[in-house]
Amino acid sequence: MPELPEVETVRRGLEQTAVGRRIERVEVGRERTVRRTSAQALIDGLTGTRITAVTRRGKSLVCPLDSGDALMIHLRMSGRVLVANRGSHRPPHTHVVMTMGTEELRFVDPRTFGEMVVFDPDRASVELPELGRLGVDPVADPFDAAVLRAALAGTRRGIKAVLLDQHRVAGLGNIYTDEVLHRAGVRFDRPADQLRPVEIRRLAGAVTEVLAEAIELGGSTLDDTQYVDILGNTGSYQEHHLVYGREGEVCLTCGKAPIRRASVGGRSTFFCARCQR
Ligand SMILES: [Zn+2]
């Protein structure tokens, strides 16, 4: 599933290619992508408008339109946003096409969990309530140890589960929580409210560093996901993962212990028991 660095890479691509261009025509081929409203609502809401900016909250893209409405795009498991020349071959599972001049913006989503919706920002709390419930975004918002401490307050759950909770910290998923916890030297199952101040400082620093490095490298593209940027390029941060997907390999940090795998909420968790306490 695309996480903050992948969605941020898409955001930057859209900012460069889509902002200011008039959306001349909108096609919707799969109603499930627009399930929150309808195909006609998306077509009516976008046709003739221009995207004025591309913002991101956690894993959600929000594009204000010159009509006063905004377009929300969520990639979920397998969604991709691609910009390609009009008339070029459309990949399978292209569910929405927005024509802008000589190019098309395509929403491609094999597993169809992704979503597009035009909403009224003044009514966001009603039309898209989950946006308002998102926690701090470590890239879009000011973020340091004090902010992280506040986000973790009042829960005894394991730190990985808490970091995955989008209501507390928005944008981290399974890959980046594992990489962040490894860099900070903290085990995934430590109760969040029992981390020492020095550990919270290390964790906040690791969040900032790992996300910045991953964004710089265009995110992570794994064998089992289909994440690519808007031009169809894969990311390369997967080559820098220290623990994620490395079960049984010798830890690259300590060079001594094997990377182990555990399960948190049914999801694989990779860690080094020697480096992470
Ligand atoms: Zn290690």
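Up top is the structure.
For the structure given in this document, a descriptive report is provided here. (Residues numbered from 1 in each chain as written. Predicted model: local features only at pLDDT ≥ 70, side-chain atom pairs only at ≥ 80, totals over all residues. Heavy atoms only, no water.)

1. Details of the coordination of the zinc ion
Link 1 in the chain: Of the protein atoms, only Cys251 (SG), Cys254 (SG), Cys272 (SG) and Cys275 (SG) coordinate the zinc ion, at distances of 2.2 to 2.4 Å.
Link 2 in the chain: For the zinc ion, the 4 donor atoms are set out with angles of 102 to 113° between them, so the coordination reads as tetrahedral.
Link 3 in the chain: Ordering the donors of the zinc ion by residue number gives the pattern C-x2-C-x17-C-x2-C.
Link 4 in the chain: Cys272 gets classed as buried once you look at its relative accessible area, which sits at 0%. (Donors = N, O, S within 2.8 Å, 3.2 Å for Na, K, Ca; no water. Tetrahedral: all angles 85-135°; square planar, octahedral: opposite > 155°, others 65-115°. Buried < 20%, exposed > 50% of the residue type's maximum accessible area, 1.4 Å probe, protein only.)

2. Points about the side chain of Asp137
Link 1 in the chain: Inspection of the secondary structure assignment puts Asp137 in the loop between helix H4 (129-132) and helix H5 (145-152).
Link 2 in the chain: Here Asp137 falls in the buried class, since its relative accessible area comes to 0%.
Link 3 in the chain: Within the structure, the side chain of Asp137 is placed 2.6 Å from the side chain of Arg56, a separation counted as a polar contact.
Link 4 in the chain: Looking at Asp137, its side chain comes within polar contact range of the main-chain nitrogen of Gly58, at 2.8 Å. (Helix = DSSP H or I, 4+ residues; strand = E, 2+ residues; numbered from the N terminus. Polar contact = N/O pair within 3.5 Å; in protein donor to acceptor, adjacent residues only side chain to side chain.)

3. Here's the deal with the pattern of salt bridges
Close approach of charged atoms lets side chains of opposite charge pair.
Link 1 in the chain: The full count for this structure, using the stated rule, is 27 salt bridges.
Link 2 in the chain: Linking Arg12 and Glu8 is a salt bridge whose minimum nitrogen-to-oxygen distance equals 2.9 Å. Of this pair, Arg12 and Glu8 both sit in helix H1 (residues 4-17), separated by 4 residues, roughly a single helical turn.
Link 3 in the chain: Classification of Glu8 as buried rests on a relative accessible area of 4%.
Link 4 in the chain: With a closest N to O distance of 3.0 Å, Glu127 and Arg123 form a salt bridge.
Link 5 in the chain: Assessed through its relative accessible area of 27%, Glu127 is described here as partly exposed.
Link 6 in the chain: Look at Arg123 and you get partly exposed, because its relative accessible area is 41%.
Link 7 in the chain: Members of the salt-bridge network, linked through shared partners, are Glu8, Arg11, Arg12, Glu15, Arg56 and Asp137. (Salt bridge = Lys/Arg side-chain N within 4 Å of Asp/Glu carboxyl O.)

4. Section: helix H8 (residues 197-216)
Link 1 in the chain: Over its 20 residues, H8 extends 29 Å from the first C-alpha to the last, a length consistent with the 28 Å expected when each residue adds 1.5 Å.
Link 2 in the chain: Every buried residue of H8 is accounted for by Glu199, Ile200, Leu203, Ala204, Ala206, Val207, Val210, Leu211, Ala214 and Ile215. The buried residues of H8 occupy an angular sector of 160° when the element is viewed end-on, so they sit on one face.
Link 3 in the chain: Summarising the contacts, the buried residues of H8 are in contact with H1, H5, helix H6 (159-164) and helix H7 (174-184).
Link 4 in the chain: Taken from the residues just after H8, Gly218 is the one with a positive phi, measuring 75°. (Expected span 1.5 Å × (residues − 1). Arc of directions from axis to C-beta. Contact = heavy atoms within 4.5 Å.)

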